Amino acid sequence: MMMGNARWNLTLRFLLELAALLGLGTAGWSLSDEAWRWVLAIALPLAAAAAWGIFAVLNDPSRSGRAPVPVPGAIRLALEFIVLFGGAAGFHLAGHTITAIIMALLIVISYAFSLDRLAWLLRQ
């Protein structure tokens, strides 16, 4: 089994995905006021979740293998970096710097143990 698909790493990635959505929502809430805070707090995570679910690499063993909109592996990897590190940046912008640093470190750890998956994505 590839390390990128090890159960613990898939669990960590899933938790990081959820944290990224929370970070984006937190940033949307804290960086605006009045009605816009509701719009951004909902729209940013929804847009990220939609992109995450729609744009995928066909037969990605770390996902279902389905790809509603197939994209090259490099595009998928860029999308993952943008969403995950965007969530960490969202925490930082909202004033939760320690949370942002911990999340960024966990992202790096997850990808460090996913070098086989990264190589696979870049070959697609």
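Since we're looking at a predicted model, the values are computed, not measured.

### A short note on a nonpolar patch on the surface
Stage number 1. Nonpolar side chains collect at one region of the surface, where W8, I98, I101, I102, L105, L106, I109 and F113 lie side by side and expose about 760 Å² of accessible area between them.
Stage number 2. Top contributing element to the nonpolar patch by residue count: helix 4 (residues 97-112), with six residues.
Stage number 3. Residue I98 is classed as exposed on the basis of its relative accessible area of 61%.

### Comments concerning the packing of helix 1 (residues 7-30) against helix 3 (residues 73-93)
Stage number 1. Where helix 1 contacts helix 3, the two axes come as close as 7 Å, and the packing angle between them is 50°. Relative to helix 3, the element helix 1 lies oblique. The way helix 1 lies across helix 3 gives a crossing that is left-handed. From helix 1, R13, L16, E17, A19, A20, L22, G23, L24, T26, A27 and S30 reach across to helix 3, where they touch E80, V83, L84, G86, G87, G90, F91 and L93.
Stage number 2. The residue inventory of the contact of helix 1 with helix 3, partitioned by class, reads ten nonpolar, six polar and three charged.

### Structural notes on the side chain of S32
Stage number 1. Along the polypeptide, S32 turns up in the loop between helix 1 and helix 2 (35-54).
Stage number 2. Residue classification places S32 among the buried residues on the basis of a relative accessible area of 10%.
Stage number 3. At 2.7 Å, the side chain of S32 and the backbone oxygen of G28 are in polar contact.
Stage number 4. Non-local contacts of S32, meaning those with residues more than four positions away in its chain, are made with R37 and L40.

### Re the pattern of salt bridges
Stage number 1. Counted according to the given criterion, the structure contains three salt bridges.
Stage number 2. Where R76 meets E80, a salt bridge forms, and the shortest distance between an N and an O atom there is 3.1 Å. Taken together, the positions of R76 and E80, both in helix 3 and four residues apart, correspond to about one turn of that helix. Exposure class is identical for R76 and E80. Each is buried.
Stage number 3. Residue R117 is joined to E80 by a salt bridge in which the shortest nitrogen-to-oxygen separation is 2.6 Å.

### Description of the environment of L16
Stage number 1. Among the secondary structure elements, L16 is positioned in helix 1.
Stage number 2. The residues touching L16, leaving out its near neighbours within four places in the chain, are L84, M103, L106, I107 and S110.

### Quick word on the packing of aromatic side chains
Stage number 1. Going through the model one piece at a time under the given rule, you end up with four aromatic pairs.
Stage number 2. Ring geometry for W8 versus F113: centroids 5.2 Å apart, planes at 80°, classification edge-to-face. In this pair, W8 sits in helix 1 while F113 sits in the loop between helix 4 and helix 5 (115-123), placing the two residues 105 residues apart along the sequence.
Stage number 3. Among the residues examined, W8 registers a relative accessible area of 40% and is labelled partly exposed.
Stage number 4. Between F81 and Y111, the aromatic rings sit 5.0 Å apart at their centres with planes inclined by 80°, giving edge-to-face as the arrangement. Within this pair, whereas F81 is found in helix 3, its partner Y111 is found in helix 4, the two being separated by 30 residues in sequence.
Stage number 5. Taken together, the ring pairs connect F81, F85 and Y111 into an aromatic cluster.
Stage number 6. The side chain of R76 reaches across the aromatic face of W52, ending 4.6 Å from its centre.

Conventions and cut-offs
- Residues numbered from 1 in each chain as written.
- Predicted model: local features only at pLDDT ≥ 70, side-chain atom pairs only at ≥ 80, totals over all residues.
- Heavy atoms only, no water.
- Patch = residues over 30% accessible without salt bridge, like charges linked within 9 Å, V, L, I, M, F, W, Y side chains within 5 Å.
- Areas by Shrake-Rupley, 256 points an atom, 1.4 Å probe, with all protein chains shown as cover.
- Salt bridge = Lys/Arg side-chain N within 4 Å of Asp/Glu carboxyl O.
- Helix = DSSP H or I, 4+ residues; strand = E, 2+ residues; numbered from the N terminus.
- Buried < 20%, exposed > 50% of the residue type's maximum accessible area, 1.4 Å probe, protein only.
- Axes fitted to C-alpha atoms, helices over the stretch in contact; angles between N-to-C directions.
- Parallel < 35°, antiparallel > 145°, perpendicular 65-115°, else oblique.
- Left-handed = near helix turned anticlockwise from the far one by under 90°.
- Contact = heavy atoms within 4.5 Å.
- Nonpolar A, V, L, I, M, F, W, Y, C, P; charged D, E, K, R; others polar.
- Polar contact = N/O pair within 3.5 Å; in protein donor to acceptor, adjacent residues only side chain to side chain.
- Phe/Tyr/Trp six-rings, centres within 6.5 Å; stacked < 30°, edge-to-face > 60°.
- Lys NZ or Arg CZ within 6 Å of the ring centre and 35° of its normal.

Function-wise, these values are silent; they only describe arrangement.
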